[in-house]
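What follows is each chain in one-letter form.
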Amino acid sequence: SQKDNLLLFPLLSLGELKLREGDYFKADDIFSELTNVLATCSKQDLTYLINSQLLFADRLLRVGDYRRFQAVCSNILNLYIEKGGNQKSKTYASLLMTASLSNLLIDNFDSAGRLLVKATSIAERNEGHPIYINYLYAKAHYCFLAWQKGGGNEELLDKSIFDRIMGKKIDEREDYLN
C-alpha cells in the first residue's frame, strides 16, 4: 500500500541507526515491523527489501542467533522469488548461497545442499565474477561438512577427491589432510 511504501525508508534508516547505537532490542522491534511492511511492498522496492533484511540478518549472525538468522535468510529468498526477482541473476545466486550457509549453521544439511545446487549453474556461468568465488567458498564449506558427516548432496561432491578421502580409515584421513 502507499502508506507502507512511505514507511519503508524511515523504518530502514531508524533500524540501521539503532543497530549502530547498540540498541538491539529496539532494532529488533523496528526490523520486525519492517518485515510486515516489506510484505506489501512492490517489486520496485525489492533492493531495499533485501538490503534491510540483510542488515537485520547480519546483526543476528553477529550475536549468534543462528535460528533467527536462518529464518530471515529464508524469508529474504522467498520474498525475492514472490516479488518476481530474476531467478537467473547473480543476486538470486547470492541469496541462495546465503540461505544455504545459514542452513548449515543450524545443521539443516539437506536444505543447504538443495539451495547450493540451485546456485551452481548461475555461479558457473559467471566464473570471472566474484559471485563464483563466493560459490566456491560455500561449496567448499558444504563439502568439508559432508566429509565430516560422511555424506551429502552428490551433485555437489567431487567424487575424485572425496572418494579417496572417504575410502580411507579415519586416522588416515587426518594424515591425508595434514
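Scroll up to find the structure this text is about.
Caption draft 1: Representation of helix α7 (residues 130-149) in the model. If you check α7, its first and last C-alpha atoms are 29 Å apart, about what 20 residues at 1.5 Å a residue would give, namely 28 Å. Among all positions of α7, only Ile131, Tyr132, Tyr135, Ala138, Tyr142, Cys143, Leu145, Ala146 and Trp147 are buried. Just beyond α7, the residue with positive phi is Gly150, at close to 80°.

Caption draft 2: Examining the packing of aromatic side chains more closely. Applying the stated criterion across every chain yields a total of five aromatic pairs. Note on Phe31 and Phe56: the rings are 5.0 Å apart at their centroids and 15° apart in plane angle, and the pair reads as stacked. You can see Phe31 sitting in helix α2 (residues 24-38) and its partner Phe56 sitting in helix α3 (residues 46-62), a full 25 residues away along the chain. The pair formed by Phe31 and Phe56 is uniform in burial state, with each residue classed as buried. Centre to centre, the rings of Tyr80 and Tyr92 are 6.0 Å apart; their planes meet at 15°, and the pair counts as stacked.

Caption draft 3: Local environment of unusual backbone geometry. Positive phi outside glycine occurs at Asp107, with the angle close to 60°. Along the chain, Asp107 turns up in the loop between α5 (90-105) and α6 (109-125). Here Asp107 falls in the exposed class, since its relative accessible area comes to 58%.

Caption draft 4: Representation of a nonpolar patch on the surface in the model. Judged by side-chain polarity, Leu61, Tyr66 and Leu105 come together as a nonpolar surface patch covering roughly 230 Å² of accessible area. As for its placement among the helices and strands, Tyr66 is situated in helix α4 (residues 66-82).

Caption draft 5: Expanded view of the pattern of salt bridges. Tallied over the entire structure, the rule returns seven salt bridges. Here Glu16 and Arg20 are joined by a salt bridge, their closest N and O atoms 3.6 Å apart. With a gap of four residues between them, Glu16 and Arg20 both fall in helix α1 (residues 2-21), about one helical turn apart. Residue classification places Arg20 among the exposed positions, given a relative accessible area of 69%. Ionic pairing is found between Asp107 and Lys149, a salt bridge with its closest N-O pair at 3.9 Å. One end of the pair, Asp107, is in the loop between α5 and α6; the other, Lys149, is in helix α7, with 42 residues separating them in the sequence. Through salt bridges with shared partners, one network takes in Asp28, Arg59, Asp65 and Arg68.

Conventions we followed
Residues numbered from 1 in each chain as written. Predicted model: local features only at pLDDT ≥ 70, side-chain atom pairs only at ≥ 80, totals over all residues. Heavy atoms only, no water. Helix = DSSP H or I, 4+ residues; strand = E, 2+ residues; numbered from the N terminus. Expected span 1.5 Å × (residues − 1). Buried < 20%, exposed > 50% of the residue type's maximum accessible area, 1.4 Å probe, protein only. Phe/Tyr/Trp six-rings, centres within 6.5 Å; stacked < 30°, edge-to-face > 60°. Patch = residues over 30% accessible without salt bridge, like charges linked within 9 Å, V, L, I, M, F, W, Y side chains within 5 Å. Areas by Shrake-Rupley, 256 points an atom, 1.4 Å probe, with all protein chains shown as cover. Salt bridge = Lys/Arg side-chain N within 4 Å of Asp/Glu carboxyl O.

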